[in-house]
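Coordinates in review
Chain residues, written in single-letter form:
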Amino acid sequence: MKPIRIGRIAFTNILPIYQYFDDRGLDVEWIRQVPSLLNRDMAAGNIDMSPISAFAYAEHADEYVLMPDLSISAMGPVGSIFLFTKGDQLHDLDGKTIALTNTSATSVALLKIVLEKFAGVRPNYVTMAPSLEEMMNVADAALLIGDDAVKGKWNGSAYRMYDLGEEWMKQTGLSMTYAVWAVRRAIAESRRNDLEEIYLRFMQAKAEGRKNLTPAIEEAMRQLGGDVAFWKAYFEGLCYDFGEKEKRGLQTYFRYAADLGLLPSNVEIHMLDLPASLGMR
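Read on for a plain summary of the structure. (Residues numbered from 1 in each chain as written. Predicted model: local features only at pLDDT ≥ 70, side-chain atom pairs only at ≥ 80, totals over all residues. Heavy atoms only, no water.)

Remarks on the pattern of salt bridges
Per the stated rule, a full pass over the model turns up 17 salt bridges. Residue Asp 48 pairs with Arg 5 through a salt bridge whose shortest N-O separation is 2.8 Å. Residue Asp 48 is located in the loop between helix H2 (35-43) and strand E3 (49-53), and its partner Arg 5 is located in strand E1 (residues 4-9); the two are separated by 43 residues in the primary sequence. Judged by its relative accessible area of 5%, Asp 48 falls in the buried class. Via salt bridges that share partners, Asp 69, Lys 206, Arg 210 and Asp 241 belong to a single interconnected network. (Salt bridge = Lys/Arg side-chain N within 4 Å of Asp/Glu carboxyl O. Helix = DSSP H or I, 4+ residues; strand = E, 2+ residues; numbered from the N terminus. Buried < 20%, exposed > 50% of the residue type's maximum accessible area, 1.4 Å probe, protein only.)

What follows is the structure in structure tokens.
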């Protein structure tokens, strides 16, 4: 059999899990990309399982199942999804131009929900590579995610910043899920035993990361800079679970996105049926 091809988000937000993932004895191949490319390659069948944008899951919900209790979520500020704007208030963006990063799907739709549904404004959107300076040369505001957003926060003091996780919670009181671990249905049916072992390793890695953030913090500092206090607060603000609280927030996000015509209505969350004991070993 071919190795199971597993995606890895090319951002620091995934470090508390992947720093501890033990792939010894597993027949796997790692594919490291930004979220938009993971989304694309999952849809094309070039990746078998991966953390993908929650929005991308909703677009292909009939083709995927989700691994239990794994996500990238936050209850409130997420710390790496920012709208940078030249104005002070969101309503100032009505009719203005917003540059959207080309590395995201979930966050682009979330921004449209925050602006169009919650703030009642109708901007114009352009999609660009994630460079804050270049985006702000052509637009009144810019959306950045992941490491680009972190660097923008450090270097973009001239702009007002809105954390989209914080804006979401203000309006809904709910958690927001940005990425989910998806498996192609064909792989879920044909490689069941392999997936059970991979899932067990993910659960062990998540537990280790929760217990000791130091390796993730050190790797994040090596990649991007910053200090221990910054990365500790950042990682502690993220949630890697996917329980009822996260599902409730995600279903609300899907519903709002459908209201804006961004997603089909009645997107269902399909979970991979794995023994509950796997997550507790």
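Once the structure has been displayed, the description carries forward.
Here's the deal with the packing of aromatic side chains
One pass over the full model with this rule turns up 19 aromatic pairs. Both rings, one in Tyr 18 and one in Trp 30, keep their centres 5.6 Å apart while their planes meet at 75 degrees; by these two values the pair is edge-to-face. Of this pair, Tyr 18 sits in helix H1 (residues 15-18) while Trp 30 sits in strand E2 (residues 28-33), and the two are 12 residues apart along the sequence. Using a relative accessible area of 6% as the deciding quantity, one classes Tyr 18 as buried. A relative accessible area of 30% places Trp 30 in the partly exposed class. Taken together, the ring pairs in this structure connect Tyr 57, Phe 118, Trp 168, Tyr 253, Phe 254 and Tyr 256 into an aromatic cluster. A cation over an aromatic ring shows up here: Lys 112 above the ring of Tyr 125, its NZ or CZ 4.9 Å from the ring centre. (Phe/Tyr/Trp six-rings, centres within 6.5 Å; stacked < 30°, edge-to-face > 60°. Lys NZ or Arg CZ within 6 Å of the ring centre and 35° of its normal.)

Let's talk about the side chain of Asp 48
At 2.7 Å, the side chain of Asp 48 forms a polar contact with the backbone nitrogen of Arg 5. Among residues more than four places away in sequence, those in contact with Asp 48 are Pro 3, Ile 4, Arg 5, Met 42, Ala 182, Val 183, Arg 184 and Ile 187. (Polar contact = N/O pair within 3.5 Å; in protein donor to acceptor, adjacent residues only side chain to side chain. Contact = heavy atoms within 4.5 Å.)

Let's talk about unusual backbone geometry
Peptide bonds are, in most cases, trans, and in most cases residues other than glycine have a negative phi. At Asp 69, a position not held by glycine, the phi torsion is positive, near 60 degrees. Among the secondary structure elements, Asp 69 is positioned in strand E4 (residues 64-74). Positioned with a positive phi, Asn 266 is a non-glycine residue whose angle comes to about 60 degrees. Summarising the element assignment, Asn 266 is placed in the segment after helix H12 (244-259). For Asn 266, a relative accessible area of 71% corresponds to the exposed category.

Here we look at the pairing of strand E6 (residues 97-101)
In terms of burial, E6 is a largely internal element, four of the five residues being buried. Here E6 pairs with strand E7 (residues 124-128) via five bridges, running parallel. For Thr 97, the partnering residue across the bridge sits in E7 and is Asn 124. Between the parallel elements E6 and E7, the chain passes through helix H4 (residues 106-118) in a crossover that is right-handed. (Pairing = 2+ DSSP bridges. Right-handed = clockwise from strand over helix to strand, strands pointing away.)

Quick word on helix H9 (residues 192-211)
The end-to-end C-alpha distance of H9, which contains 20 residues, comes to 29 Å, matching closely the 28 Å that a straight helix rising 1.5 Å per residue would cover. Three or more residues of H9 are buried, namely Leu 195, Ile 198, Tyr 199, Leu 200, Arg 201, Phe 202, Met 203, Ala 205, Lys 206 and Gly 209. (Expected span 1.5 Å × (residues − 1).)

Remarks on the environment of Arg 122
Within the fold, Arg 122 resides in the loop between H4 and E7. Once the C-alpha coordinates of Arg 122 and Leu 93 are considered, the two residues, 29 residues apart in sequence, prove to be 7.6 Å apart. Excluding anything up to four places from it in sequence, Arg 122 contacts Asp 94, Gly 95 and Glu 116. One polar contact links the side chain of Arg 122 to the main-chain carbonyl oxygen of Glu 116, over a distance of 3.1 Å.

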